[in-house]
Amino acid sequence: MNICVITPLYPIVGRDDIKTDTQAIHLLLKYLVGDNNIHVFNISRISPRHVMGSFFKKGENLNEQYDYTIDGINATLLRYRAFPKQKMLTQAQINKVQEKIKITLNKNGFCPDVVVVHIPSSFPGITSGLFEGIKRIAVLHRTDINIIASINKLSNMINQQYDVISSRSRSVQKKAYSLSINIDEKIAFSGIPEKFLDKS
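Parameters and conventions
Sequence order sets the numbering: in each chain, residues are counted from 1 along the sequence as written. Local features in a predicted model are, by the rule used here, given only for residues with pLDDT of at least 70; side-chain atom pairs are given and counted only at 80 or more, and totals for whole chains, interfaces and linings are based on all residues. Derived side-chain values reflect all non-hydrogen atoms in the structure, with water molecules and hydrogen atoms excluded from consideration. Exposure classes here rest on a 1.4 Å probe applied to the protein chains alone. A residue is buried below 20% of its type maximum, exposed above 50%, and partly exposed in between. For the purposes of this entry, the term helix denotes a DSSP run of H or I that reaches at least four residues, the term strand denotes a run of E that reaches at least two, and both are numbered from the N terminus. Here, a strand pair is defined by DSSP locating no fewer than two bridges between the strands. Note on definitions: a residue-residue contact is assigned when non-hydrogen atoms from the two residues lie within 4.5 Å. Interaxial angles span 0 to 180 degrees and are taken between N-to-C directions of axes, which are lines fitted to C-alpha atoms, for helices over the stretch in contact. Residues belong to one nonpolar core when they are buried, are Ala, Val, Leu, Ile, Met, Phe, Trp, Tyr or Cys, and are joined through side-chain atoms within 4.5 Å. Confidence of the predictor at the level of single residues is captured by pLDDT, which takes values from 0 to 100. Residues adjacent in sequence count toward polar contacts only when both atoms are side-chain atoms; beyond that, a polar contact is any pair of N or O atoms within 3.5 Å, and within protein one must be able to donate a hydrogen and the other to accept it.

Let's talk about the pairing of strand β7 (residues 164–167)
For step 1, the next point in the chain: Residues Val164 and Ser166 point to one face of β7 and Ile165 and Ser167 to the other, with burial holding for every one of them.
For step 2, the next point in the chain: Sheet topology note: the strand β6 (residues 135–140)/β7 ladder contains four bridges and is parallel. Along β7, the bridge assignment pairs Val139 with Ser166.

Structure representation (C-alpha cells):
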C-alpha cells in the first residue's frame, strides 16, 4: 500500500540547522515499512524571528525543498513563513504547498492509496482538489482540539474534507465529540486506523 502522510511534526536528518523536537509520528510510521510504501511531507513552520534573522545569513533559502530518507521512509521538508501568532496556513500558503506536493509525487511516480493528515487543523483544505478519489484520513492530536475550539466552522471543514477522522487517544476522542467532529470510535494508536493498513 502507498501511504502519503502530511504532518507539521516530523524529524529531519542531514540538516542540523533546522531544529526538530519530536519523534512521535515517525516512531509510529517506521514499523509500517516493509508491507507499505510511505512518503511523508513535513510542513514546517518558519518563525517570524527566524525569517528576520535570515536576512543576515548569506545563502539561506527559506523556500527550499529538502528531500531525505529516514528508516526506509522517504520524506520531503516543505517550509513556510509564519506570521506572528499564526495557528494554521493561509489559503495562499496551502496552494503553494499543494503544488509542491503534487510535483514531488509525480516526480517520484508515487500514487497514494490513502492520505493520512496528522494535526489537520494546521492546514485546513490541504487535501481538497489534490487527492480526489483517494481515501483521506485525518488523525487528531491535542493541538487540533485547542485550535478547533478557538476557530468557528473549523470542525465543519474537517468533517467535510475527510472520509475518516480518528484520534491518537481516548481523551482527544472525547473532546472531539464535544466539538461535533465525526470522530471514528476506534483509536489510531499506530497513527493510522488499523483497517487501512496492508496486512498481507
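Details of helix α4 (residues 142–150)
For step 1, the next point in the chain: Buried within α4 are the following residues: Asp144, Ile145, Ile147 and Ile148.
For step 2, the next point in the chain: The secondary structure elements touched by the buried residues of α4 are β6, α5 (154–161) and α6 (170–178).

Considering the sheet that holds strand β2 (residues 37–46)
For step 1, the next point in the chain: The mixed open sheet is built from seven strands, whose spatial order is β3-β4-β2-β1-β5-β6-β7. The two strands at the open ends of the sheet, each matched to only one other strand, are β3 (65–70) and β7. Across the sheet, the mean angle from the axis of one strand to that of its neighbour is 20 degrees, orientation sign disregarded.
For step 2, the next point in the chain: Here strand β1 (residues 2–7) pairs with β2 via six bridges, running parallel. Bridge assignment links Thr7 to a residue of β2, and that residue is Asn42.

Some remarks on the nonpolar core
For step 1, the next point in the chain: With 32 residues, the main nonpolar core has Ile6 and Ile43 as its most contacted residues.
For step 2, the next point in the chain: Counting residues per element, this core draws most heavily on helix α3 (residues 91–108), which supplies four residues.
For step 3, the next point in the chain: Beyond its immediate chain neighbours, meaning those up to four positions away, Ile6 contacts Phe41, Ile43, Ile101, Val115, Val116, Val117, His118, Phe123, Ile126 and Phe131.
For step 4, the next point in the chain: Of all hydrophobic cores here, the second largest spans 20 residues; its members include Tyr10, Leu29, Val40 and Val116.

Some thoughts on unusual backbone geometry
For step 1, the next point in the chain: Not every positive phi belongs to a glycine, and Ile119 is a case in point at roughly 55 degrees.
For step 2, the next point in the chain: By the element assignment, Ile119 lies in the loop between β5 (114–118) and β6.
For step 3, the next point in the chain: You can call Ile119 buried: its relative accessible area is 3%.
For step 4, the next point in the chain: Positive phi outside glycine occurs at Ser180, with the angle close to 65 degrees.
For step 5, the next point in the chain: Structurally, Ser180 is set in the segment after α6.

With respect to the pairing of β2
Looking along a regular strand, one sees the side chains alternate between the two faces of the sheet.
For step 1, the next point in the chain: Burial analysis of β2 places eight of its 10 residues in the buried class, the great majority of the element.
For step 2, the next point in the chain: As judged from the eight bridges shared by β2 and strand β4 (residues 73–81), these two strands associate in the parallel manner. Each bridged residue has a counterpart across the sheet, and for His39 the counterpart in β4 is Asn74.

Thoughts on the confidence of the model for the protein
For step 1, the next point in the chain: Chain-level statistics for the protein give a pLDDT mean of 83 and a share of 82% at 70 or above.
For step 2, the next point in the chain: Note on residues 50–61: pLDDT under 50 across the span, and 10 contacts to partners over four residues away in sequence or across chains.

Considering the side chain of Asn159
For step 1, the next point in the chain: Mapped onto the elements of the fold, Asn159 is located in helix α5.
For step 2, the next point in the chain: A polar contact is formed between the side chain of Asn159 and the backbone nitrogen of Asn182, at a distance of 2.8 Å.
For step 3, the next point in the chain: For Asn159, the residues in contact, after removing those within four places along its chain, are Ile165, Ser180, Ile181 and Asn182.

Structural notes on the environment of Leu130
For step 1, the next point in the chain: Along the chain, Leu130 turns up in the loop between β5 and β6.
For step 2, the next point in the chain: It is 7.3 Å that separates the C-alpha atoms of Leu130 and Lys102, two residues lying 28 residues apart in sequence.
For step 3, the next point in the chain: Contact partners of Leu130, with chain neighbours within four places excluded, come to Gln98, Ile101 and Lys102.

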